[in-house]
Amino acid sequence: AQSVTQLDSQVPVFEEAPVELRCNYSSSVSVYLFWYVQYPNQGLQLLLKYLSGSTLVKGINGFEAEFNKSQTSFHLRKPSVHISDTAEYFCAVSEYGGATNKLIFGTGTLLAVQP
Amino acid sequence: DSGVTQTPKHLITATGQRVTLRCSPRSGDLSVYWYQQSLDQGLQFLIHYYNGEERAKGNILERFSAQQFPDLHSELNLSSLELGDSALYFCASSVEAGTYEQYFGPGTRLTVT
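About the cut-offs
Residues numbered from 1 in each chain as written. Chains lettered and ligands numbered in written order. Predicted model: local features only at pLDDT ≥ 70, side-chain atom pairs only at ≥ 80, totals over all residues. Heavy atoms only, no water. Disulfide = S-S within 2.5 Å. Helix = DSSP H or I, 4+ residues; strand = E, 2+ residues; numbered from the N terminus. Buried < 20%, exposed > 50% of the residue type's maximum accessible area, 1.4 Å probe, protein only. Phe/Tyr/Trp six-rings, centres within 6.5 Å; stacked < 30°, edge-to-face > 60°. Lys NZ or Arg CZ within 6 Å of the ring centre and 35° of its normal. 1 Å grid on protein atoms, 1.4 Å probe; cavity = no way out; pocket = protein on both sides within 12 Å on 5 of 7 lines; lining within 4 Å. Points joined across faces, edges and corners; volume = space filled by probe spheres on them. Nonpolar A, V, L, I, M, F, W, Y, C, P; charged D, E, K, R; others polar. Contact = heavy atoms within 4.5 Å. Buried area = accessible area lost by both parts, 1.4 Å probe. Salt bridge = Lys/Arg side-chain N within 4 Å of Asp/Glu carboxyl O. Core = buried A, V, L, I, M, F, W, Y, C linked by side-chain atoms within 4.5 Å. Polar contact = N/O pair within 3.5 Å; in protein donor to acceptor, adjacent residues only side chain to side chain.

## Describing the state of the cysteines
So, point 1. In total, this model carries two disulfides over all chains according to the counting rule given.
So, point 2. The disulfide partner of Cys23(A) is Cys91(A), and the gap between their sulfur atoms is 2.0 Å. Negative torsions about the S-S bond denote left-handed disulfides, and the value of about -65° found for Cys23(A) with Cys91(A) makes this one left-handed. Taken as a pair, Cys23(A) in the loop between strand S3 (19-21) and strand S4 (24-26) and Cys91(A) in strand S10 (residues 87-95) lie far apart in primary sequence, 68 residues in all.
So, point 3. The class of Cys91(A) is buried, set by a relative accessible area of 0%.
So, point 4. Put simply, Cys23(B) and Cys91(B) are joined by a disulfide, and their sulfur atoms are 1.9 Å apart.

## Overview of the packing of aromatic side chains
So, point 1. One pass over the full model with this rule turns up 16 aromatic pairs over all chains.
So, point 2. In textbook terms, an aromatic cluster arises when at least three aromatic residues are bridged by ring pairs, as seen for Phe34(A), Tyr36(A), Phe90(A), Phe105(A), Tyr33(B), Tyr35(B), Phe45(B), Phe90(B) and Phe104(B).
So, point 3. Across the ring face of Tyr103(B), the terminal group of Arg26(B) is positioned such that the distance to the ring centre comes to 3.6 Å.
So, point 4. Directly above the aromatic system of Tyr50(B) lies the positively charged group of Arg55(B), at a separation of 4.4 Å from the ring centroid.

## Looking at the layout of surface pockets
So, point 1. Looking at the largest pocket, its volume works out to about 610 Å³.
So, point 2. Taken together, 26 residues line the largest pocket, and the ones lying closest to its centre are Gln38(A), Gln37(B), Leu39(B), Leu88(B) and Arg109(B).
So, point 3. Elements supplying a minimum of two residues to the lining of the largest pocket: S10 of chain A together with strand S4 (31-38), strand S5 (42-50), strand S9 (87-94) and strand S11 (108-112) of chain B.
So, point 4. The element that contributes the greatest number of residues to the lining of the largest pocket is S10(A), accounting for three residues.
So, point 5. Looking at the lining of the largest pocket residue by residue, the classes come out as 11 nonpolar, 12 polar and three charged.
So, point 6. Taken as a whole, the second largest pocket encloses approximately 350 Å³ of empty space.
So, point 7. What lines the second largest pocket is a set of 19 residues, and nearest its centre among them are Gly43(A), Leu44(A), Asp1(B), Ser2(B) and Phe104(B).
So, point 8. In terms of residue count, strand S6 (residues 44-50) of chain A provides more of the lining of the second largest pocket than any other element does, three residues in total.
So, point 9. Residue composition of the lining of the second largest pocket, by class: nine nonpolar, seven polar and three charged.

## Considerations on the interface of chain B and chain A
So, point 1. Contact with chain B, which involves 19 residues of that partner, is made by 17 residues of chain A.
So, point 2. For the pair chain B and chain A, the summed buried surface comes to about 1,600 Å²; carbon and sulfur atoms form 59% of the total.
So, point 3. Considering only the side of chain B, the residues that lose the most area to chain A are Leu43(B), Tyr100(B) and Phe104(B), jointly responsible for 36% of the buried surface there.
So, point 4. The tally of links from chain B across to chain A stands at zero salt bridges.

## Remarks on the nonpolar core
So, point 1. By size, the foremost hydrophobic cluster in this structure holds 29 residues, and its most contacted members are Trp35(A), Leu48(A), Phe74(A), Leu76(A) and Tyr89(A).
So, point 2. At the level of elements, strand S2 (10-14), S3, strand S5 (31-38), S6, strand S8 (64-68), strand S9 (73-78), S10 and strand S12 (109-114) of chain A are the ones that each hand at least two residues to this core.
So, point 3. Beyond its immediate chain neighbours, meaning those up to four positions away, Leu48(A) contacts Leu33(A), Phe34(A), Trp35(A), Val57(A), Lys58(A), Gly59(A), Phe63(A), Glu64(A), Ala65(A), Phe74(A) and Leu76(A).
So, point 4. Core analysis: the next-biggest nonpolar cluster, separate from the first, contains 21 residues, Val19(B), Val32(B), Leu81(B) and Leu110(B) among them.

## So, the environment of Glu20(A)
Residues and elements named next belong to chain A.
So, point 1. Among the secondary structure elements, Glu-20 is positioned in strand S3.
So, point 2. Of the residues examined, Glu-20 reaches a relative accessible area of 35% and is grouped as partly exposed.
So, point 3. Placed 49 residues apart in sequence, Glu-20 and Lys-69 show a C-alpha to C-alpha distance of 18 Å.
So, point 4. Excluding residues that lie within four positions of it along the chain, Glu-20 makes contacts with His-75, Leu-76 and Arg-77.
So, point 5. Side-chain polar atoms of Glu-20 contact the side chain of Arg-77, separated by 2.9 Å.

In structure tokens form, the structure reads like this:
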């Protein structure tokens, strides 16, 4: 079974400052890793994903994440945030090569960007 | 717009009632996933259908059931509703190959009173 931990329920940050949202996972098998964003009253949108290859992945809206297998982490970063980045961010995993690609989500981190 | 549609957008009903949530996947996607988002449980996987067949079940209550029809749309049936079933229900669709990306619909907000 897999599990995802997002230790920070809320991260306040000032506009144009850098931000890191932390994600750690636990799994007995190899996994794919994802970050999704949920804007108020909307569905989830994929920011980026790690399937294989380079451990540094770039996504939409200037976000990037680094897969660290030894630390079982997949932290999300952005060098300079905007007010429009205010949203809930979810880290998720799915089992590599499994019969289903169901997503196991973390509890989410609310990124609150202040002017 | 993800290309996944869900109806209705909002649903208010009473305890003990039964409701049906509908999902139409993106054109060409064979997989449909259902997720529940609630304040106390977070985002939880319910069930996965692939081309009409059930592929996986999560923590789905026995009062809940789903199916995927030949035209690939899916329905989630919730019966004997309880207050705790109030939540946002998302469906997502995927091609199940390549990018493994799931495209999420806008959700159905269910309120049980």
